[in-house]
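Each chain, letter by letter, is given below.
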Amino acid sequence: MWTYHPELLATPVPRYTSFPTAAEFGDDVGPADMEHALARVHEDELVSLYLHVPYCREICWYCGCNTGAANRTARLATYVQRLGEEADLIAARLAGRGRVVRIAWGGGSPNALAPTQFDALMRRIRHAFACERATVSVELDPRGFDWDWAACFARNRVTRASLGVQTFAPHIQRAIGRIQPTEDIACAMGRLRTAGVESINFDLMYGLPGQFATDLDETLAIALSMRPERFAVFGYAHVPHLLPRQRRIDATRLPGSAARFAMARQAHRHLSDAGYDPIGFDHFALPHDAIARAARGKTLRRNFQGFTEDQSGILIGLGASSISAFPGALLQNEKRAGRYHLHIANGRLATVRGIRRTPADRRRGALIEALLCRGEAECTGLADLPDVRARLADFEEHGLIAWAGTRLLLDQRALPYARAVAAAFDPWRATSATRFSSAV
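Treat the numbers as computed from the prediction; the structure is a model and nothing was measured. (Residues numbered from 1 in each chain as written. Predicted model: local features only at pLDDT ≥ 70, side-chain atom pairs only at ≥ 80, totals over all residues. Heavy atoms only, no water.)

Engineer: So, the overall build of the protein: which residues are in play, and what are the values?
Structural biologist: Looking only at helices and strands, the protein has 14 helices and 19 strands in total. Since a compact globule built from 440 residues should have a radius of gyration of about 22 Å, the 21 Å found for the protein is in line with a globular shape. Projected onto its principal axes, the C-alpha positions of the protein cover 55 × 50 × 40 Å. Expressed as a percentage of the 440 residues in the protein, the buried residues total 56%. Partitioning the contacts of the protein with sequence separation of at least 6, the portion at a separation of at least 24 is 72%. Just so you have it, the protein exposes about 18,200 Å², and 53% of that area is on carbon and sulfur atoms. Measuring between centres, the 54 positive side-chain charges of the protein sit 3 Å from its 46 negative side-chain charges. (Helix = DSSP H or I, 4+ residues; strand = E, 2+ residues; numbered from the N terminus. Rg over C-alpha atoms; globule rule 2.2 N^0.38 Å. Buried < 20%, exposed > 50% of the residue type's maximum accessible area, 1.4 Å probe, protein only. Contact = heavy atoms within 4.5 Å. Areas by Shrake-Rupley, 256 points an atom, 1.4 Å probe, with all protein chains shown as cover. Lys, Arg positive; Asp, Glu negative; His and termini not counted. Charge placed at Lys NZ, Arg CZ, Asp CG, Glu CD.)

Okay, structure coming up:
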């Protein structure tokens, strides 16, 4: 199915959930940019909200998220208050413009909060943005998802949930600091179904310490027995120089690049054979699921949540470190909770980093999104197209891509190389020293 060409995967590349990527963000933007972007939202423009909860009951060693320990009740209560206040600030500036169609909760672990706090924030969000019919999705830690949380999901009409599963192998769980019995996942699944959640995603990982093909096969078999609608299967990115918590992981036990590639191929084959449609390289969905329908209908999108069927042109992030995406700018909130609190408590928007997007940036972003979502992209008008073609010559020589005039086409065998191909269109990658995750 896939052939391993190590020389084409040698350079770490971004995941391209935005363009430009967060590596290009600078501190020359601020609250005024957010004010300007919000003022330009049109009356009926589709808007998604993302609420970031940077807390977890337990901190996993592998995790690259902006999260801390949820070990103080007062800390969580204050954060919930600030999130609500920020929602009011944003809503006041929108003044009824824009139509919120998606509310996504992420983290961290949103269920590090109490169900009553989730209830209160949902009431406040729905009141501020008049979005009673918006689709609600939540990332959660299945270890803390009890019947009180199931009732909370039912009350708030949560229809999509994503569970951090990673692996079912106990020895690998110990190696990454995430002890999570299979029974916990099964119980969470049952409670989510009872609550009316229609689409459930499992996050799984390969390339973990001490992980072999047999471990991945067992994890896939157990996961498939629970029949979630979606899977996201990611390669573990070991960057302890950026994430000190990863120093607790024994790097000598990490699989090599060839073994990682084989695991990615193994997962793709296993899930495809089980009836899941491949969505891009690392997502999979049952044919009836909304994301699979979007892929077939060529309306699949890519944003900070990864591949999505969400058609919103604007994403507004609430909470510490959250990122908002507008046509003309990518804007990130203050990462440190204390400073985030000060901004919001004083009635100021918390934007501190980001980048203003030029028309050329938007053009390249759309091209990269088309390439990753649909496997083809029209490159007419790119001033540096001859240089891009030269950078992609090795991919073409291996039969992974083809050109039809100025249209670039990915072969099915090119799926593992899609992000590396996309990087050829990214002018920052030639000069940036920022280290990204492995392409596979």
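This is not the end of the story, as more comes after the structure.
Engineer: Provide a residue-level description of the environment of Arg339, including the pertinent values.
Structural biologist: Take Arg339: it is sitting in helix H10 (residues 337-345). The partly exposed category is assigned to Arg339, whose relative accessible area is 46%. Arg339 sits 19 residues away from Ala320 along the chain, and the two C-alpha atoms are 8.9 Å apart.

Engineer: Which residues make up the packing of aromatic side chains, and what values go with them?
Structural biologist: For any pair of aromatic rings, the description consists of the separation of the ring centres together with the inter-plane angle of the planes. According to the stated counting rule, one finds 14 aromatic pairs in the structure shown. Centre to centre, the rings of Trp2 and Phe261 are 6.2 Å apart; their planes meet at 65 degrees, and the pair counts as edge-to-face. Here Trp2, found in the segment before helix H1 (31-39), pairs with Phe261, found in helix H8 (residues 257-273); they are 259 residues apart in sequence, far enough to count as distant. In this structure, Trp2 and Phe261 share a single accessibility class: buried. Judged by centre distance (6.0 Å) and plane angle (90 degrees), the rings of Phe202 and Phe231 are edge-to-face. (Phe/Tyr/Trp six-rings, centres within 6.5 Å; stacked < 30°, edge-to-face > 60°.)

Engineer: Describe the pairing of strand S4 (residues 99-107), and please don't skip the residues or the numbers.
Structural biologist: A large share of S4 lies buried, amounting to seven of its nine residues. Examined bridge by bridge, strand S1 (residues 46-53) and S4 share eight bridges and lie parallel to one another. Of the residues in S4, the one forming a bridge with Val47 is Val100. Each parallel crossover has a hand, and the one from S4 via helix H3 (residues 115-129) to strand S5 (residues 135-140) is right-handed. (Pairing = 2+ DSSP bridges. Right-handed = clockwise from strand over helix to strand, strands pointing away.)

Engineer: Can you break down the side chain of Ser137 residue by residue, with the values?
Structural biologist: Inspection of the secondary structure puts Ser137 in strand S5. For Ser137, the residues in contact, after removing those within four places along its chain, are Arg102, Ile103, Ala104, Trp105 and Arg160.

Engineer: How would you explain the sheet that holds strand S18 (residues 401-404) if you had to name every residue and give the values?
Structural biologist: The strand order across the open sheet formed by three strands is S17-S19-S18, and the pairing between neighbours is antiparallel. The sheet is open, and its two borders are formed by strand S17 (376-378) and S18, each paired with just one other strand. Averaged over all adjacent pairs, the angle separating strand axes in this sheet is 15 degrees, with direction ignored. In the sheet, S17 pairs with strand S19 (residues 407-410) via three bridges, with the strands oriented antiparallel. Residue pairing across strands places Ala377 opposite Leu408, the latter belonging to S19. (Axes fitted to C-alpha atoms, helices over the stretch in contact; angles between N-to-C directions.)

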